[in-house]
Amino acid sequence: MSADMNTSQEIVLSAKGVCKSFSHLRVLTDVSFDIRRYEFVSIVGPSGTGKTTLLQIISTLADADSGEMTILDKQTSRLSHEEVCRLRNTDLGFVFQFHQLLPEFTALENVMIPALIAGRDESEAHKEAMALLTRLGLSERSTHHPNELSGGEKQRVAVARALINKPQILFADEPTGSLDSQNRDELQKLFLDLRKEFGLTVIVVTHDMTLAQQSDRIIEMKDGRII
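Residues numbered from 1 in each chain as written. Predicted model: local features only at pLDDT ≥ 70, side-chain atom pairs only at ≥ 80, totals over all residues. Heavy atoms only, no water.

Moving on, we come to the sheet that holds strand β10 (residues 225-226). Strands belonging to one sheet form pairs held by backbone hydrogen bonds; the direction of such a pair is parallel or antiparallel. If you walk across this open sheet you meet the 6 strands as β6-β7-β8-β3-β9-β10, and the pairing is mixed. In this open sheet, the two edge strands, each paired with only one partner strand, are β6 (92-95) and β10. Pairing geometry for strand β9 (residues 217-222) and β10, over 2 bridges, is antiparallel. Residue pairing for β10: lysine 222 is matched across the bridge by arginine 225. Most of the contacts of helix α2 (residues 81-91) go to β6, to which it runs at about 70 degrees, and overall it touches β6 and β7 (169-173). In the packing of helix α5 (residues 151-163) onto the sheet, contacts are made with β6 and β7, and the angle to β6 comes to roughly 170 degrees. (Pairing = 2+ DSSP bridges. Helix = DSSP H or I, 4+ residues; strand = E, 2+ residues; numbered from the N terminus. Contact = heavy atoms within 4.5 Å. Axes fitted to C-alpha atoms, helices over the stretch in contact; angles between N-to-C directions.)

See the structure below:
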């Protein structure tokens, strides 16, 4: 699916007054922002400033202590655990710094897992996973396990896994952080291409200012606040 990548006026994610502490350490303080459909937004800032914690909260992987999170017109605090899991599985995609592939499964099987969790037909999931791996240049690596793949290949498998259920929003936490410069450049281009091809809203936490500068908007954080 391709999309008109002129940023829509539709807000797909909204954070209002988000706060988070761990014991006596305040990590996020009154964080508020909106993200519109088809935006590519980078969240940047020094280490320890709360970027990853914020990404976990806005992507439903963690809860805020206070504040309000709305994703695709759903206020997450009002959803049941099952509803949050369904939202996460069907409408949100995730790419992590260290790929988080399951070592006992092949590349193809790793990509298929979210589709199978969603209850999709196995043959359909197999066909679509193979199509995604082919799109990402990995058709000949589909039967390989993660320990047989390079760092760049593992991250592309993770991207394919994130796309298998056709998410509306793609979250990425330091996706280029563990890659060499060549694979980093290739992954940056891939994110930009896939945003247009799949009609994605992309939200990235990164120290990579080359990647951040290619986004539509940069949200800069310091000491748990947006500056």
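We now examine the sheet that holds strand β2 (residues 25-36). The strand order β2-β1-β4-β5 describes an open sheet built from 4 strands, whose pairing is antiparallel. Because the sheet does not close on itself, it has two edges, and the strands there are β2 and β5 (74-75). Relative to β2, strand β1 (residues 11-22) is paired through 8 bridges, and the arrangement is antiparallel. Directly across from phenylalanine 22, in β2, lies its bridge partner leucine 25.

To locate leftover empty space, one rolls a probe as large as a water molecule over the atoms. Counted as a void, the largest pocket has a volume near 400 Å³. Considering the residues around the largest pocket, the lining is formed by 18 residues, among which Asn89, Phe94, Pro114, Ile117 and Arg161 are closest to the centre. Of all the secondary structure elements, the ones that give two or more residues to the lining of the largest pocket are α2, β6, α3 (107-117) and α5. A per-element tally of the lining of the largest pocket places α3 first, with 4 residues. A class-by-class count of the residues in the lining of the largest pocket yields 11 nonpolar, 5 polar and 2 charged. Roughly 320 Å³ of volume is contained in the second largest pocket. Ala62, Asp63, Ala64, Thr76 and Ser77 are, among the 18 residues lining the second largest pocket, the residues nearest its centre. Classifying every residue of the lining of the second largest pocket by side-chain character gives 8 nonpolar, 7 polar and 3 charged. (1 Å grid on protein atoms, 1.4 Å probe; cavity = no way out; pocket = protein on both sides within 12 Å on 5 of 7 lines; lining within 4 Å. Points joined across faces, edges and corners; volume = space filled by probe spheres on them. Nonpolar A, V, L, I, M, F, W, Y, C, P; charged D, E, K, R; others polar.)

Moving on: the packing of α3 against helix α4 (residues 122-135). Running from N to C, α3 and α4 cross one another at 130 degrees; their axes reach a closest spacing of 9 Å. What the angle tells us is that α3 and α4 run oblique. Two packed elements cross with a definite hand, and for α3 against α4 that hand is right-handed. Here Ala107, Leu108, Val111, Met112, Ala115 and Leu116 of α3 come into contact with α4, specifically with Glu122, Ala125, His126, Ala129, Met130 and Leu133. For the contact of α3 with α4, a count of residues per class yields 10 nonpolar, 1 polar and 1 charged. (Parallel < 35°, antiparallel > 145°, perpendicular 65-115°, else oblique. Left-handed = near helix turned anticlockwise from the far one by under 90°.)

Turning to the packing of α5 against helix α6 (residues 181-198), a few remarks are in order. In contact at an axis separation of 11 Å, α5 and α6 are set at 15 degrees when each is read in the N-to-C sense. For the element pair α5 / α6, the angle class is roughly parallel. Crossing of α5 over α6 shows right-handed handedness. Here Gly152, Gln155, Arg156, Val159 and Leu163 of α5 come into contact with α6, specifically with Asn183, Leu187, Leu190, Leu194 and Phe198. Broken down by class, the residue content of the contact of α5 with α6 amounts to 6 nonpolar, 3 polar and 1 charged.

Moving on, we get to the packing of aromatic side chains. Per the stated rule, a full pass over the model turns up 2 aromatic pairs. Arranged with centres 6.2 Å apart and planes meeting at 5 degrees, the rings of phenylalanine 94 and phenylalanine 96 form a pair that is stacked. Relative to phenylalanine 171, the ring of phenylalanine 94 lies with its centre 5.7 Å away and its plane at 20 degrees, an arrangement referred to as stacked. Of this pair, phenylalanine 94 sits in strand β6 while phenylalanine 171 sits in strand β7; the two residues are 77 residues apart in sequence, bridging distant segments of the chain. Note on phenylalanine 94: relative accessible area 13%, which makes it buried. (Phe/Tyr/Trp six-rings, centres within 6.5 Å; stacked < 30°, edge-to-face > 60°. Buried < 20%, exposed > 50% of the residue type's maximum accessible area, 1.4 Å probe, protein only.)

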